Amino acid sequence: MADKQISLPAKLINGGIAGLIGVTCVFPIDLAKTRLQNQQNGSRIYTSMSDCLIKTFRSEGFCGMYRGAAVNLTLVTPEKAIKLAANDFFRHKLSEDGQKLTLVREILAGCGAGTCQVIITTPMEMLKIQLQDAGRREAQRKLIGQHAGGGRAKVNVVQLKSPTALQLSRDLLKDKGIAGLYKGLGATLLRDVPFSIIYFPLFANLNSLGRRNADGSAPFYISFLAGCFAGCTAAIAVNPVDVVKTRLQSLARGHHEDTYSGVKDCISKILHHEGPSAFLKGSYCRALVIAPLFGIAQVLYFLGVGEFVLSLLPGQKH
């Protein structure tokens, strides 16, 4: 129940747990999104989300569908903590004597939250994308080898020798310093700031609709649906920028795939070689990833998980 008075520590716990559960449940869909967004015309291996998941499972096994999940599971809690804390901070600073925020101030608070979260989001996405896309590139090389050999491979298993997230981090820090982990920072800002600008005000206004409980809070189903709808809307709205960000943060390229020097160059080449529809690649995957995440968060708020965890800590009043 979103407008129930919940302490900031409890919100952070709820957000962190929701992130961990959400990543575990929907990570294969996120992997499909990354691979669909990265494949370019002339080098397509997957035709849809289901096709990508089936081929990934057949060639890389169940664990292959969770390649890169460890990065997300490690960093999703601090990412959500920063985002929620920043949104609360900016909403508090922009409020006047506890009055309801105007739409403009809600947008400003969301903007501040989106800007702060990229501190964690950018390196997290940078590392995750390399691990997620390794299987696609390997499958592409194998397919090209089959065509060149004029025969069919006997074993349809992708042999991956991709580095771990820790190895990638070390290599990037050694070669390019901290800037290596923050490649695509501009595109991440262009995605996450508009996302927060859309999500937080939309959720707050949708959550205020309908009947209220006796204590003035929104019924659970209203908060749940508001979270899912606002998350889906924001995710689809910023998907074109997410495609650009994914392409820019991919360090390795498949056979005959374009390279990009920046946001403008990436947009220009995608429009020229793939058309406007390319900016919608993976949009339904992204919506399917985001909606459960915010829905799970609302379930945790409703159940009071954050408050329960805090009550178990030493020094807390029961």
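Cut-offs and rules
Residues numbered from 1 in each chain as written. Predicted model: local features only at pLDDT ≥ 70, side-chain atom pairs only at ≥ 80, totals over all residues. Heavy atoms only, no water. 1 Å grid on protein atoms, 1.4 Å probe; cavity = no way out; pocket = protein on both sides within 12 Å on 5 of 7 lines; lining within 4 Å. Points joined across faces, edges and corners; volume = space filled by probe spheres on them. Helix = DSSP H or I, 4+ residues; strand = E, 2+ residues; numbered from the N terminus. Axes fitted to C-alpha atoms, helices over the stretch in contact; angles between N-to-C directions. Parallel < 35°, antiparallel > 145°, perpendicular 65-115°, else oblique. Left-handed = near helix turned anticlockwise from the far one by under 90°. Contact = heavy atoms within 4.5 Å. Nonpolar A, V, L, I, M, F, W, Y, C, P; charged D, E, K, R; others polar. UniProt positions renumbered as here; feature names shortened; annotations may be inferred. Salt bridge = Lys/Arg side-chain N within 4 Å of Asp/Glu carboxyl O. Phe/Tyr/Trp six-rings, centres within 6.5 Å; stacked < 30°, edge-to-face > 60°. Expected span 1.5 Å × (residues − 1). Bend = angle between axes of the 7 residues up to and from the residue. Polar contact = N/O pair within 3.5 Å; in protein donor to acceptor, adjacent residues only side chain to side chain. pLDDT = per-residue confidence, 0-100.

### With respect to empty space enclosed by the protein
On inspection of all chains with the given rule, the structure shows one cavity of 30 Å³ or more. Taken as a whole, the largest cavity holds about 370 Å³ of empty space. Around the largest cavity sit 26 residues that line it, and Lys80, Glu125, Arg286, Ile290 and Leu293 are the ones nearest its centre. The element that contributes the greatest number of residues to the lining of the largest cavity is helix α1 (residues 8–38), accounting for six residues.

### Things to note about the packing of α1 against helix α12 (residues 305–312)
α12 packs onto α1 with a crossing angle of 115° between their chain directions and a minimal axis gap of 8 Å. Taken together, the axes of α1 and α12 lie roughly perpendicular to each other. Along this stretch, α1 crosses α12, giving a crossing that reads as right-handed. Contacts between α1 and α12 involve Pro9, Ala10, Ile13, Asn14 and Ile17 from the first element and Val305, Gly306, Glu307, Val309 and Leu310 from the second. Residue composition of the contact of α1 with α12, grouped by class: seven nonpolar, two polar and one charged.

### Considerations on the UniProt feature "repeat: Solcar" (unreviewed entry) in the protein
According to UniProt, the "repeat: Solcar" (unreviewed entry) feature falls on residues 6–93, 101–209 and 218–307. Between the end C-alpha atoms of residues 218–307 there is a gap of 18 Å, over a span that is 71% helix and 0% strand.

### Points about the pattern of salt bridges
In a structure, side chains of opposite charge can pair up when their charged atoms sit close to one another. Under the criterion given, the structure shown has 17 salt bridges. A salt bridge links aspartate 30 to lysine 128, with the shortest nitrogen-to-oxygen separation between them at 2.8 Å. Linking aspartate 30 in helix α1 with lysine 128 in helix α4 (residues 103–149), this pair joins segments that are 98 residues apart in sequence. Beyond isolated ion pairs, a larger network of salt bridges with shared partners links Asp30, Lys33, Glu125, Lys128, Arg191, Asp192, Asp242 and Lys245.

### Examining the packing of aromatic side chains
Pairs of aromatic rings are described using the distance from one ring centre to the other and the angle between the two planes. Going through the model one piece at a time under the given rule, you end up with seven aromatic pairs. On the numbers, 5.8 Å between centres and 40° between planes, the contact of phenylalanine 220 with phenylalanine 224 is tilted. Taken as a pair, phenylalanine 220 and phenylalanine 224 lie in helix α8 (residues 220–237) at a separation of four residues, close to a single helical turn. The rings of Phe195, Tyr199, Phe200 and Phe203 are connected pair by pair, giving a single aromatic cluster.

### With respect to helix α2 (residues 49–64)
In this model, α2 (16 residues) spans only 15 Å end to end at C-alpha, well below the 22 Å of a helix rising 1.5 Å per residue. When the local axis directions of α2 are compared, the greatest deviation, roughly 90°, occurs at arginine 58.

### Here's the deal with the environment of phenylalanine 195
Here phenylalanine 195 lies in helix α7 (residues 185–207). Phenylalanine 195 sits 179 residues away from glycine 16 along the chain, and the two C-alpha atoms are 19 Å apart. In contact with phenylalanine 195, other than residues within four places in its own chain, are Lys83, Gly231, Ala234, Ala235, Val238, Arg286, Ile290 and Phe294.

### Side note on the side chain of glutamate 274
With respect to the secondary-structure elements, glutamate 274 resides in the loop between α10 (263–273) and α11 (283–303). In this structure the side chain of glutamate 274 is engaged in a polar contact, spanning 2.8 Å, whose partner is the side chain of lysine 281. If we skip the residues at most four places from it in the chain, glutamate 274 touches Gln39, Gln40, Asn41, Arg247, Tyr260, Lys269 and Lys281.

### With respect to the UniProt feature "transmembrane region" (unreviewed entry) in the protein
In the numbering used here, UniProt assigns the feature "transmembrane region" (unreviewed entry) to residues 12–32, 218–238 and 289–313. In this annotation, residues 218–238 is assigned 86% helix and 0% strand; the end-to-end C-alpha distance for the span is 28 Å.

### Brief notes about the packing of α7 against α8
Relative orientation of the contacting elements α7 and α8 amounts to 155°, with a least axis distance of 8 Å. Our classification of the angle between α7 and α8 gives roughly antiparallel. In the packing of α7 onto α8, the handedness of the crossing is right-handed. Each of Phe195, Ile198, Tyr199, Leu202, Phe203, Leu206 and Asn207 in α7 lies in contact with α8, whose residues at this interface are Ile222, Ser223, Ala226, Gly227, Phe229, Ala230, Gly231, Thr233, Ala234, Ala235 and Ala237.

### A few points about the confidence of the model for the protein
In this model, the protein carries an average pLDDT of 84, and 90% of its residues clear a pLDDT of 70 or more. Here α12 stands out as the element of the protein with the lowest mean pLDDT, 78, in contrast to helix α9 (residues 239–249), whose mean of 96 is the highest. Low pLDDT (under 50) marks residues 153–158, which in the prediction has 13 contacts with non-local residues, meaning those over four places away or in another chain.

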